[in-house]
Structures are given as C-alpha cells and as structure tokens.
Amino acid sequence: MNVGWLFPDRERCGIAIYSRNYISALKKHCDIKSVNSDQWPDSPEKFSGDLNSCDLIHIQYENSLFAMRNRDYYTTLLRTLKKPLIVSLHEVYRHFPGVFPRDQIRGGIFVSSIKRWYYDFRHPLQTAYNKHVSSGFGASVLLVHHHAHKEILEKRIPHSCPILVLPHPVLKVKHIGLANRSQKGSIMLGSTGFINPEFDYLLLFETLQKLNCEWKFLWIGGIRIPEHLKLLDSINQEVNKRHWKDKFIITGWVSEETQNDLLQSIDIYCAFFKNRSSSGSLARAIGAYRFIIATESHIVHEINVSRKNNVITVVNADSNQIAEKIDFLSIDKTSLMQLQTLDDYTTTFNFDTMALTLIKLYKSITL
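Residues numbered from 1 in each chain as written. Predicted model: local features only at pLDDT ≥ 70, side-chain atom pairs only at ≥ 80, totals over all residues. Heavy atoms only, no water.

Engineer: For the overall build of the protein chain, give the residues involved together with the corresponding values.
Structural biologist: Scanning the protein chain for helices and strands turns up 14 helices and 14 strands. Going through the 367 residues of the protein chain one by one, you find that 50% of them count as buried. Across the protein chain, contacts joining residues at least 24 apart in sequence account for 74% of those joining residues at least 6 apart. (Helix = DSSP H or I, 4+ residues; strand = E, 2+ residues; numbered from the N terminus. Buried < 20%, exposed > 50% of the residue type's maximum accessible area, 1.4 Å probe, protein only. Contact = heavy atoms within 4.5 Å.)

Engineer: Describe in detail the sheet that holds strand 3 (residues 56-61), supporting the description with residues and values.
Structural biologist: Adjacent strands of a sheet form backbone hydrogen bonds with each other and so pair up, either parallel or antiparallel. Spatially, the six strands line up as an open sheet ordered 2-1-3-6-7-8, and their pairing is parallel. The strands lining the two open edges of the sheet, one partner per strand, are strand 2 (31-36) and strand 8 (163-165). For this sheet, the mean inter-axis angle between neighbouring strands, taken without regard to orientation, is 25°. Summarising the sheet, strand 1 (residues 2-7) and strand 3 pair through four bridges and their orientation is parallel. The residue of strand 3 that forms the bridge with Trp5 is His58. Where helix 1 (residues 14-26) meets the sheet, it contacts strand 1, strand 2 and strand 3, and its direction lies at approximately 165° from that of strand 1. (Pairing = 2+ DSSP bridges. Axes fitted to C-alpha atoms, helices over the stretch in contact; angles between N-to-C directions.)

Engineer: Help me get a handle on the pattern of salt bridges, residues and values and all.
Structural biologist: This structure, assessed with the given rule, holds nine salt bridges. Taking the shortest distance from any N to any O, the salt bridge between Lys28 and Asp352 comes out at 2.9 Å. Separated by 324 residues along the polypeptide, Lys28 in the loop between helix 1 and strand 2 and Asp352 in helix 14 (residues 351-366) bring together distant segments of the chain. In this structure, Glu238 engages Lys241 in a salt bridge whose closest nitrogen and oxygen atoms are separated by 3.5 Å. Of this pair, Glu238 and Lys241 both sit in helix 8 (residues 229-241), three residues apart, which is roughly one turn of that helix. It is possible to trace a salt-bridge network through shared partners that takes in Glu238, Lys241 and Arg242. (Salt bridge = Lys/Arg side-chain N within 4 Å of Asp/Glu carboxyl O.)

Engineer: Break down helix 8 for me, with residues and values.
Structural biologist: Across its 13 residues, helix 8 extends 18 Å between first and last C-alpha, which sits within 8% of the 18 Å expected from 1.5 Å per residue. Buried within helix 8 are the following residues: Leu232, Ile235, Glu238 and Val239. The buried residues of helix 8 occupy an angular sector of 120° when the element is viewed end-on, so they sit on one face. Of the exposed residues in helix 8, the ones pointing more than 90 degrees away from its buried face are Lys230, Gln237 and Lys241. (Expected span 1.5 Å × (residues − 1). Arc of directions from axis to C-beta.)

Engineer: Tell me about the nonpolar core, and please be specific about residues and values.
Structural biologist: Counting residues in each nonpolar core, the largest one holds 112 residues, and the members touching the most others are Trp5, Ile59, Val87, Phe137 and Leu282. In this structure Ile59 touches Leu6, Phe66, Tyr74, Leu77, Leu81, Leu85, Ile86, Val87 and Ser88, once residues within four positions along its chain are discounted. (Core = buried A, V, L, I, M, F, W, Y, C linked by side-chain atoms within 4.5 Å.)

Engineer: Mind laying out the sheet that holds strand 13 (residues 291-295), listing which residues take part and the relevant values?
Structural biologist: If you walk across this open sheet you meet the six strands as 11-10-9-12-13-14, and the pairing is parallel. The outermost strands of the open sheet, each flanked by one partner alone, are strand 11 (248-250) and strand 14 (313-315). On average, each strand axis in the sheet is inclined to that of its neighbour by 25°, with strand direction left out of account. Bridge count between strand 12 (residues 268-271) and strand 13: four bridges; the pairing is parallel. Each bridged residue has a counterpart across the sheet, and for Cys270 the counterpart in strand 13 is Ile293.

Engineer: Describe the packing of aromatic side chains, and please don't skip the residues or the numbers.
Structural biologist: The geometry of an aromatic ring pair comes down to the distance between the two centres and the angle between the two planes. Counted under the stated rule, the structure contains 22 aromatic pairs. It is Lys46 that lies over the ring of Phe47; its NZ or CZ is 5.0 Å from the centre. (Phe/Tyr/Trp six-rings, centres within 6.5 Å; stacked < 30°, edge-to-face > 60°. Lys NZ or Arg CZ within 6 Å of the ring centre and 35° of its normal.)

Engineer: Explain unusual backbone geometry to me, and be specific about the residues and the numbers.
Structural biologist: Look at Phe137: it is not a glycine, yet its phi comes out positive at around 60°. Structurally, Phe137 can be placed in the loop between helix 5 (124-134) and strand 7 (141-144). Its identity is not glycine, yet His243 carries a phi of approximately 60°, on the positive side. Checked against the element boundaries, His243 lands in the loop between helix 8 and strand 11.

Engineer: For the side chain of Ser330, give the residues involved together with the corresponding values.
Structural biologist: Looking at the secondary structure, you find Ser330 in helix 12 (residues 319-331). One polar contact links the side chain of Ser330 to the main-chain carbonyl oxygen of Asp327, over a distance of 2.6 Å. (Polar contact = N/O pair within 3.5 Å; in protein donor to acceptor, adjacent residues only side chain to side chain.)

Engineer: I'd love a proper account of the pairing of strand 3, names of residues and values included.
Structural biologist: Strand 3 sits mainly inside the fold: six of its six residues count as buried. The two faces of strand 3 match: Leu56, His58 and Gln60 on one face and Ile57, Ile59 and Tyr61 on the other face are all buried.

Engineer: I'd like a description of the environment of Asn260, backed by residues and values.
Structural biologist: Tracing the chain through its elements places Asn260 in helix 9 (residues 256-263). On a C-alpha basis, the gap between Asn260 and Ala285 in space is 8.8 Å, while along the polypeptide they are 25 residues apart. Once you skip the residues sitting within four places of it in the chain, Asn260 turns out to touch Leu171, Val173 and Arg284.

Engineer: So what about the packing of helix 7 (residues 201-210) against helix 12? Which residues, and what values?
Structural biologist: Direction vectors running N to C along helix 7 and helix 12 enclose 50°, while the axes themselves pass 8 Å from each other. Judged by the angle between their axes, helix 7 and helix 12 are oblique. Note that helix 7 runs across helix 12; the crossing there is right-handed. On the side of helix 7, the interface is formed by Leu203, Glu206, Thr207 and Lys210, while helix 12 contributes Ser319, Asn320, Ile322, Ala323, Ile326 and Asp327. Residue composition of the contact of helix 7 with helix 12, grouped by class: four nonpolar, three polar and three charged. (Parallel < 35°, antiparallel > 145°, perpendicular 65-115°, else oblique. Left-handed = near helix turned anticlockwise from the far one by under 90°. Nonpolar A, V, L, I, M, F, W, Y, C, P; charged D, E, K, R; others polar.)

Engineer: Mind laying out the pairing of strand 12, listing which residues take part and the relevant values?
Structural biologist: For a regular strand, side chains alternate in direction, first toward one face of the sheet and then toward the other. Residues Ile268 and Cys270 of strand 12 are buried on one face, and the alternating residues Tyr269 and Ala271, pointing to the opposite face, are buried as well. Note: strand 9 (residues 186-192) against strand 12, two bridges, orientation parallel. Residue Leu189 lies in a different strand from strand 12, and its bridge partner there is Ile268. Tracing the backbone out of strand 12, into helix 10 (residues 280-287) and back to the parallel element strand 13 gives a crossover that is right-handed. (Right-handed = clockwise from strand over helix to strand, strands pointing away.)

Here you go:
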C-alpha cells in the first residue's frame, strides 16, 4: 500500500513535526510518499500527479496552510485528486479565537446581509474554512484529535463523511527517576512550544510571584510567526521588570532532540491554556514523563478520562492555589512521581501504536 501524505514540510511548524514523527512510524508498515503542501501552488500538476499515483491520500489540514495571498486553493486542489482521501484536522474551534463570531452579527435582513458580506471579505481564512466544512473537506473520512472537535463538526459535516477521533500521539522519550530531580526546597518549572497568545502568561507570572520556594522557569521554544514578536517582547519586559532575568529563561527555537533533553530538567510542566484546540507540546511533555499541572480545558479533560487515570493534575486558574501546590511539591517531591499513570497513557497512544490504528483505517478504505 502506498499512501501520499500532504503536509507543510517546514522546520518550525507543529503539524510538520507531528507529520514527520507519524511518517517515521508508518513507514514500518507501508510506503509513504511525502508531498510538501507549501510547494503545491508552484507546480500543481506535478504534485497532484504524485498524490494520485498513491492508493490513498492523507491531508494534514489547517486553513492557513492552503491560502496564498489570502486566496484559498484547497478547493482547487481537491478537484485534481482522484484517490480516496483522509483529512486530519488539527485546529477545530466553535468560534475562532480573537475573531468576532460571524453568527453573532445582528441587524435587519438588508443590514445583516451587508455586514456578513463585509465580514467574509475581511476574514478570508475563516470564510474558506467554513466553505470547506460544508463540503466535508472533500474527505472519505475526517480525523480529529478530540471528542470536543467531533461535537463541533458533526452538525455541520455531511452525514456521508464519518468523523473519527484519534488522540494526538505522544513521542516516547527516556524519563528520569526521583533522585535526578532538583534539590529539596527548589523546583524547576517549565513549558514547551511556540510563544502564542493562547497561553495564560499573566496567570504564570502571578503564580511565580507568589511562590515561597526557590524556583527557575524554562520555556523551551520561541515564536513561530513574526506577529507574535510583540507578545515575546512583552514577556521579556515583564521578566526584566520583576528582575527574573536569571530565573526565567526562554531558549528560542531548538531541535526536537534538544527539546527532549531540556525537558528532562523540568520538575513541573505548566500548561496554563486560555484557549487551545489541540497541543503537540502537551503530548510531548507526557511522552517525557513530566509531572504536569494544567488549567481545565477539553484537551486536559479528555486525556485524563481516556485511561481512567489522572495523567495531568488539574488546577483552577487561581495563582494562589497553584503557588500553594507548587510550594508543597518543592518539599515533598515523592508526589511528583506519576510514572505508572504516564506510562499507561504513553504506551497506549505513542506514535508506533497509533500508526497501527491508522494502517487499519487505510486498509479499510483501500480494500
């Protein structure tokens, strides 16, 4: 079986990292032809030919990946594809964060029509996405990471297109024991991934300010797009204002190997999301067997209930409560050891085991 994987083959892209790890696992069971979605507009006939030479096509979708100068080319791409199509959705929102919801536009028939037209003109990516949803993304099967995604989509997707939930795989890496952790009375906190507005940095700063224990914080990563440089600058200004330059470290972009190595130094991984559809960085922390504290979200909830275990420690978005929890853990580090729970989740949902699930799906569609 030959499967064509269409994804943005970039260095600094979560979907690209996810794709390369999945492809590495899938290649043990089938032939994979990687096609870079970024290059498709420059040579559509060649790339469509490469994909159509496969038995099955698997597209990694995010609406901005199929836009050039704010013009959608996803629909054009679909018209050229002749083989069964699976589409994986990585970002599914009921309402796009930071954008006024279209369905909340009000006014009389004439006024609201004008407002919706203007809205669609001003938000081409969201407009294209809604068009793709109504067509079921042209897929034989849609894959999402969470049941919350399925619930958002199932009333909008044609009934002929099934939606399957496959959790985001974790990359299993070596973990360390209790003896290697920070000394008693101090704690290494941290997080990973791209600096982005969906993380609650205000809650993080308020929590760190209230800690009684000795601490350091390590953010493993940097910005992905220039638009987030302003956010990074504001974080650095806050760090300097609080005189934390030696305590709060942002590494900037690092390789996967370096990220995995640095993760081993973190005692408590902080996942304080304000609004997040899915998270490869959280999956990475699980695979690194880190103790994770997170504010409530559908991501965290589904991870915890999937194995009937508390894989992640959930806290209220309250800096006093979180600081109190961290202070306790800095003294009694035995509570940081959740290796059995983490191992159970990682064994079930790592890239190799999830690749076997995908192979079964591929065979069911092509046979």
